[in-house]
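Examination of the molecular architecture
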2 protein chains.
Amino acid sequence: MIKIAAVARGDIPADLVIHNAKIANVFTQNYELADVAVYSGKIAGIGENYSGRVNFDAKGRVLIPGLIDGHIHIEDTMMTPANFAKIASLHGTTTVFADPHEIANCLGMSGLEYMFKASQGLPVDIFYGAPSCVPASEFETPFDELDMNAIKSMFERNLTQHLGEMMNFPAVINGDTDAWGKILAAGNVPLTGHAPGVTGKNLNAYLSSGINSDHECTELNEAREKLSRGMFIMLREGASFNDLRTLLPLIRENPLNAARCMVVSDDITARYLLETGHMDAKMKIMLSEGLNPFIALRMITLTPAEYFRLYDRGSIAPGKIADFAILDNDELDETFKINSVWKNGRLIAKNEDSFHIDETEHAAPAIKLHVKNIPTTEQIKINPAGKIINVIGVTQGTVITKTLQVPFEDAKPENDIAKIVVLERHHDTGRFGVGFVHGLGISSKGAIASSVAHDAHNFLAIGADDRSIITALSKLAEMGGGLVTTEYEKITGSFALPIAGLMNCLTPEQTAAELAKMDREAEILCVKIPNPFMVMSFLQLSVIPELRITDLGYVDITKGGIQKLFVR
Amino acid sequence: MIKIAAVARGDIPADLVIHNAKIANVFTQNYELADVAVYSGKIAGIGENYSGRVNFDAKGRVLIPGLIDGHIHIEDTMMTPANFAKIASLHGTTTVFADPHEIANCLGMSGLEYMFKASQGLPVDIFYGAPSCVPASEFETPFDELDMNAIKSMFERNLTQHLGEMMNFPAVINGDTDAWGKILAAGNVPLTGHAPGVTGKNLNAYLSSGINSDHECTELNEAREKLSRGMFIMLREGASFNDLRTLLPLIRENPLNAARCMVVSDDITARYLLETGHMDAKMKIMLSEGLNPFIALRMITLTPAEYFRLYDRGSIAPGKIADFAILDNDELDETFKINSVWKNGRLIAKNEDSFHIDETEHAAPAIKLHVKNIPTTEQIKINPAGKIINVIGVTQGTVITKTLQVPFEDAKPENDIAKIVVLERHHDTGRFGVGFVHGLGISSKGAIASSVAHDAHNFLAIGADDRSIITALSKLAEMGGGLVTTEYEKITGSFALPIAGLMNCLTPEQTAAELAKMDREAEILCVKIPNPFMVMSFLQLSVIPELRITDLGYVDITKGGIQKLFVR
């Protein structure tokens, strides 16, 4: 006799019963006042008069399915999976789909294995995609390339169930066998995409590969076209990129689109998690925009579960795993405050208190960062080989840069033009690229530097003077990665990220505090742009236009690759 | 360089271009006038100015995705898979999900292997479920039991991708390890259900097994409850059971339900296919009921594809297989006449002309029906062992029977009470059950008999006199199964079904003509009910209330099993 059936019938007691729950039903878009009986980690039944060994009175408050984030890079929170899961669970999250391509760039398969290991046994399910773009392009030098064979083996070893974002959209569109080989190696799984601004026949070409989702829509018409071509749309609402409000008309104009759209984080910070929240924050935005709350809820529960082909979750229904949360309130409204969260029928978070994990169990990966070949101030000095140079133009609020052409003699801090140096850090080759950047507002002295710099995460320093830059790079090397601010030979601020130069073992509170401290130190150096470390982290990302810099020098993907410093 | 990407970009010619198509987009619920470029069996691109090696001008007529039937028993058309596919393709069908439990009852795994083999290479994709209920209950005797190990091996051998309808809902609800073992053996696949009238905590128990669809809803509230519990609803519109109109308010009250509801055939006949159509017939009904045509179309394309986790079809979009059809018309309206059909980019049907299959390639299974042990008239004679007998009460228009209690002396043809005999046919044991049936209107002489009798398909004869019954059973044995009408020793009509006693190799036209002939012969015997062979085919089906008859005698599942002939 199968016990869960007996529990469902009401013949034997459940493990747990949530009594008097106002269930938010994502199938009917209605409330239902009932008990929910749980047995062996699954929902056995919904109805009246269930009894359990453990009984919890919801007192008519709303019960929602556990929330699901369909796309996030955990490394970018600078926290370990455990610490991320801890804070996410407080916000009602029970399942996350993460693309670990940051650590894959830094440590290859060992980095991925660390992430898998560090996520095992956590009370939040983290499903990692196979990173499809390591390196993001041939103009970046990661620790190692993850080729189609590596992708294949990740699926064969059951480490992954979906392909991570295929960022190299030009390669897919051009029918490049390397990019297509990775897609085909993944096989019949959700193939997640990344195709900013791709449209028309190029979009056809991208989709002819089988890729079927995108989280890079920033305009409504772009999203409409992608929807019409069969893509699932991930409406991104992160710490810096906020597309949710822009794209919500998609759902308003056709509620059926809620079955093809989900809301995702992509990049969020410890501070965002602490101050704004996680998927609950997205829900609040949708509610404040007047969206039907059940339809909004579907997009952060059932739809991502279905997209990722996890049929055991995303709703409160018999046979599903018992992932759910009770709100403080008895309505789905803008307060949307999570009170208690259950994962597989186990209470994992209540009020401000989450589960406890012994972080030592999930020790950092064995491979440490060892950089000894630091250039000298002499080596990063630019000899005038012409009159006009290319300069990276940064504009606040967008990840897109511009290519500026400036007389070499004007490349000075007083014109808001600072030197930028990228130092290869994975194999200690000493290879570096030098250029200039405009728009950060760095003053007459000092430098800021970081080992978090998408996607290859080579050391990046920006400074008003060469001494401060070299001091900063040396400090990064000494710490094994992190964030640094310097003034000549003085370290004015530092925040070590010992795990692959990307993450640490600190709590969300500690991480946020360290970051805030670093931002203040940057401000003292007259860096005028908010979140300077996040802004600079995108300056290496070769797959985004226009001018970028890597250890190979300037890169402009729209112009076919490597660019010279001196134009003439 | 990957060629489909080049085709998609418009750089090299496609294999086929459908020009000037008015594409019915199931994602946006809109038309789009464009070309569709096909390469290597897949849709490469949608847009303007594609050129192909083959070009087809749609002249602005509507292009729809290939239609999908989410649930059908092909054996019940009495045609082979090839002949079924031929007529179905003319009606725009390109994919079918079939439960081969009829032949599984008759020939076990060999029967299934015949169906798989007979469907290979057909231009309509037929995906068979693993029959979950062979026998349907312990009160039926099929050729062989398909146990949980057989189910497991079907999945291991990749013969199937879903579990066929779990009809034994009482067993699932009761937590029976045999039924649950089959469900668990199927694993993480679509588990199709069959739960007529199951509600409340019993429904919870049924669903706690992971079963997630149902095609047995006959009432709106039943369907609403099942939807609210996470089930996909298959709205059935067959030859005899017509639930579509009843259930359409589900979609009208909430268009999002179109993502959770599909339309299916379950049981249709050759005549229905010829005269009414296939999925196009369902579409016409939905359109005549005023449903949004794009939403209606979604329920016979995208939704079943997604439910069955076939992400390569159900829409016209880049990367999907090139399954589509052109209508005669330039609007999705009630005419909904299919003009031309493509499967994997190949034209398979145009106007009234479909593909040609050499039926000998798909030879019938090796196991033949050999029944020698026919009872004598003496043996089926009833000795009065009491005064009152149970009689099966048949009512026109419903599959549910009633239990009537009748004085034995009144059990005569003039009271519309005929003798009914079920003879075990799979192992020639000679075992038979005898009873009486009211409501068919059989006259003073003659019998009708059939080897099509759900689910065990033992021989079933109903007659006014014993001689006609025995003649009919003998003729069934001689033919190796089929349909028979007799008058004493004379065969007045016969239609052989040599494949498992269920199917023949005739065309739809021939099959329909033979059936019509047999219906006329039954009429001559004063059988008053329409489609008598179909009506009698359900009288053995032990899982439907109330009184049924098998070779073990009377069965009433609601009363726990075997019932006596004489009440007192």
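Structure: above.
Predicted model only: the values in this text are computed from it and were never measured.

Cut-offs used in this document
- Residues numbered from 1 in each chain as written.
- Chains lettered and ligands numbered in written order.
- Predicted model: local features only at pLDDT ≥ 70, side-chain atom pairs only at ≥ 80, totals over all residues.
- Heavy atoms only, no water.
- Helix = DSSP H or I, 4+ residues; strand = E, 2+ residues; numbered from the N terminus.
- Buried < 20%, exposed > 50% of the residue type's maximum accessible area, 1.4 Å probe, protein only.
- Polar contact = N/O pair within 3.5 Å; in protein donor to acceptor, adjacent residues only side chain to side chain.
- Contact = heavy atoms within 4.5 Å.
- Pairing = 2+ DSSP bridges.
- Axes fitted to C-alpha atoms, helices over the stretch in contact; angles between N-to-C directions.
- Expected span 1.5 Å × (residues − 1).
- Bend = angle between axes of the 7 residues up to and from the residue.
- Buried area = accessible area lost by both parts, 1.4 Å probe.
- Salt bridge = Lys/Arg side-chain N within 4 Å of Asp/Glu carboxyl O.
- Least-squares fit on C-alpha atoms with pLDDT ≥ 70 in both.
- Parallel < 35°, antiparallel > 145°, perpendicular 65-115°, else oblique.
- Nonpolar A, V, L, I, M, F, W, Y, C, P; charged D, E, K, R; others polar.
- Left-handed = near helix turned anticlockwise from the far one by under 90°.
- Disulfide = S-S within 2.5 Å.
- Phe/Tyr/Trp six-rings, centres within 6.5 Å; stacked < 30°, edge-to-face > 60°.

All right, on to the side chain of Thr 141 of chain A then. All names here are of chain A. With respect to the element layout, Thr 141 can be found in the loop between strand S8 (125-130) and helix H4 (148-156). For Thr 141, a relative accessible area of 17% gives the class buried. Only 2.6 Å separates the side chain of Thr 141 from the side chain of Asp 551, close enough to count as a polar contact.

Right, let's get into the environment of Lys 490 of chain B. Residue and element names in this part refer to chain B. Topologically, Lys 490 is positioned in strand S25 (residues 490-496). The exposure class of Lys 490 is exposed, given its relative accessible area of 53%. Residue contacts for Lys 490: discarding those within four places in its chain leaves Thr 471 and Thr 485.

Residues and elements named next belong to chain A. Taken together, 8 strands build an open sheet; the order of strands is S19-S18-S21-S20-S23-S22-S24-S25 and the sheet is mixed. Here the strands that pair on one side only, and so sit at the sheet edges, are strand S19 (401-407) and strand S25 (490-496). With direction set aside, neighbouring strand axes in the sheet form an average angle of 25 degrees. Where strand S20 (residues 417-423) and strand S23 (residues 459-463) come together, 5 bridges link them in antiparallel fashion. Among the inter-strand pairings, Leu 423 is bridged to a residue of S23, identified as Phe 459. Packed onto the sheet, helix H15 (residues 466-479) meets S20, strand S22 (447-450), S23, strand S24 (482-487) and S25 and runs at close to 150 degrees relative to S24.

All names here are of chain A. Taking 1.5 Å per residue, 19 residues should reach 27 Å; helix H3 (residues 101-119) reaches only 15 Å between its end C-alpha atoms and comes up short. By the largest-angle criterion, Leu 107 marks the main kink of H3, which is about 135 degrees. Within two residues after H3, Gly 121 carries a phi angle of roughly 80 degrees, on the positive side.

This brings us to the sheet that holds strand S12 (residues 232-236) of chain B. Residues and elements named next belong to chain B. Within the open sheet, the 8 strands sit side by side as S6-S7-S8-S9-S10-S11-S12-S13. Their pairing is parallel. Strands at the two margins of the open sheet, each flanked by one partner only, are strand S6 (67-72) and strand S13 (261-264). Where strand S11 (residues 213-214) meets S12, 2 bridges bridge the pair, whose relative direction is parallel. Among the inter-strand pairings, Ser 213 is bridged to a residue of S12, identified as Phe 232.

Listed by partner, the interface residues are 53 residues for chain A and 52 residues for chain B. A buried area of about 4,200 Å², summed over both sides, lies between chain A and chain B, and 55% of it is on carbon and sulfur atoms. Of all residues in chain A, the largest losses of buried area upon contact with chain B belong to Lys 201, Arg 229 and Leu 256 of chain A, amounting jointly to 16% of the total for that side. Linking chain A with chain B are 4 salt bridges. In this structure, Arg 229 of chain B and Glu 32 of chain A form a salt bridge, with 2.7 Å as the shortest nitrogen-oxygen distance.

Under the fitted operation, chain A is carried onto chain B by 0.0 Å of movement along the axis and a turn of 180 degrees, and the coordinates agree to an RMSD of 0.1 Å. Read as a symmetry element, the transformation amounts to a two-fold axis. Within chain A, Leu 256 of chain A has its C-alpha nearest the rotation axis, a separation of 2.5 Å. Both copies share a contact surface, since 98% of the interface residues of chain A are interface residues in chain B too.

Let us look at the pairing of strand S26 (residues 547-550) of chain B. Residue and element names in this part refer to chain B. Burial along S26 is two-sided: the face carrying Leu 547 and Ile 549 and the face carrying Arg 548 and Thr 550 are both buried. Relative to strand S27 (residues 553-556), S26 runs antiparallel, the two sharing 4 bridges. Each residue of the ladder has a partner; that of Thr 550, found in S27, is Gly 553. Remark: 2 residues form the turn of the hairpin made by S26 and S27, two consecutive strands paired antiparallel.

On to the environment of Val 543 of chain B, then. Residue and element names in this part refer to chain B. Counting through the fold element by element, Val 543 comes out in the loop between helix H17 (532-537) and S26. Considering only alpha carbons, one finds Val 543 and Trp 180, 363 residues apart in sequence, at a separation of 17 Å. Not counting the four nearest positions on each side in its chain, Val 543 is found in contact with Ala 136, Ser 137, Glu 140, Phe 169 and Ile 557.

The next subject is helix H6 (residues 177-186) of chain A. For H6 of chain A, the tally of buried residues reaches 7 of 10 residues, placing the bulk of the element in the interior. Within the sequence span of H6 of chain A, burial applies to Ala 179, Trp 180, Gly 181, Lys 182, Ile 183, Ala 185 and Ala 186 of chain A. Against H4, strand S9 (162-166), helix H5 (169-173), strand S10 (191-193) and helix H7 (200-207) of chain A together with helix H1 (3-9) of chain B lie the buried residues of H6 of chain A. Where H6 of chain A begins, the side chain of Asp 176 of chain A points an oxygen toward the backbone nitrogen of Asp 178 of chain A, at a separation of 3.2 Å. Taken from the residues just after H6 of chain A, Gly 187 of chain A is the one with a positive phi, measuring 80 degrees.

Should the charged atoms of two oppositely charged side chains come close, the side chains can pair. Inspection of every chain in the model, using the stated rule, returns 58 salt bridges over all chains. Between Asp 125 of chain A and Lys 343 of chain A there is a salt bridge; the shortest N-O distance is 2.8 Å. Of this pair, Asp 125 of chain A sits in strand S8 while Lys 343 of chain A sits in strand S15 (residues 338-343), and the two are 218 residues apart along the sequence. Here Asp 125 of chain A matches Lys 343 of chain A in class, with each residue buried. A salt bridge links Arg 224 of chain B to Glu 253 of chain B, with the shortest nitrogen-to-oxygen separation between them at 2.8 Å. With Arg 224 of chain B in helix H8 (residues 220-228) and Glu 253 of chain B in helix H10 (residues 249-253), this pair connects stretches of sequence that are 29 residues apart. Here the salt bridges share partners, and the residues they tie into one network are Asp 125, Asp 312, Arg 313, Asp 323 and Lys 343 of chain A.

Residues and elements named next belong to chain A. Where H4 meets H6, the closest approach of the two axes is 8 Å, and the angle between their N-to-C directions is 10 degrees. Classified by the angle between their axes, H4 and H6 sit roughly parallel to one another. Here H4 contributes Met 148, Ile 151, Lys 152 and Phe 155 to the contact with H6, which in turn contributes Thr 177, Asp 178, Gly 181, Lys 182, Ala 185 and Ala 186. Partitioned by chemical class, the residues of the contact of H4 with H6 number 5 nonpolar, 2 polar and 3 charged.

A few words now on the packing of H3 of chain A against H4 of chain A. All names here are of chain A. Where H3 contacts H4, the two axes come as close as 12 Å, and the packing angle between them is 25 degrees. If you check the angle between H3 and H4, you find them roughly parallel. When you trace H3 past H4, the crossing you get is right-handed. For the pair H3 and H4, contact is made by Met 109, Leu 112 and Phe 116 and by Ala 150, Ser 153 and Met 154, respectively. Residues belonging to the contact of H3 with H4 are distributed by class as follows: 5 nonpolar, 1 polar and no charged.

Another aspect to go through is the state of the cysteines. Residues and elements named next belong to chain B. All told, the structure shown has 0 disulfides over all chains when counted by the stated rule. As a non-bridged cysteine, Cys 106 has Cys 133 as the owner of its nearest cysteine sulfur, 16 Å distant. By relative accessible area, Cys 106 is classed as buried at 2%.

Moving on, we get to the packing of aromatic side chains. For the coordinates displayed, the defined rule picks out 21 aromatic pairs over all chains. Measuring from centroid to centroid gives 3.8 Å for Phe 97 of chain A and Phe 308 of chain A, while their planes differ by 10 degrees, and the two rings are stacked. On the criterion of sequence distance, the pair formed by Phe 97 of chain A in strand S7 (residues 93-98) and Phe 308 of chain A in the loop between helix H14 (302-307) and strand S14 (324-327) is long-range, its members being 211 residues apart. Owing to a relative accessible area of 3%, Phe 97 of chain A belongs among the buried residues under this scheme. Seen from their ring centres, Phe 232 of chain B and Tyr 307 of chain B are 4.9 Å apart, and the 50 degrees between their planes marks the pair as tilted. Taken together, the residues span a long stretch of sequence, with Phe 232 of chain B in strand S12 and Tyr 307 of chain B in helix H14 (residues 302-307) at a distance of 75 residues. Both residues of the pair, Phe 232 of chain B and Tyr 307 of chain B, belong to the buried class.

Residue and element names in this part refer to chain A. Alternating positions in strand S5 (residues 62-65) separate into two faces, Val 62 and Ile 64 on one and Leu 63 and Pro 65 on the other, with burial throughout. Pairing of strand S1 (residues 14-25) with S5, which is carried by 2 bridges, proceeds in the parallel orientation. Across the sheet, the residue bridging to Lys 22 is Val 62, located in S5.

Here the focus is the environment of Leu 515 of chain A. Residues and elements named next belong to chain A. Within the element layout of this structure, Leu 515 appears in helix H16 (residues 508-524). For Leu 515, a relative accessible area of 15% translates into the label buried. On a C-alpha basis, the gap between Leu 515 and Phe 495 in space is 7.6 Å, while along the polypeptide they are 20 residues apart. With near-sequence residues (within four places) excluded, Leu 515 lies in contact with Met 78, Leu 483 and Phe 495.

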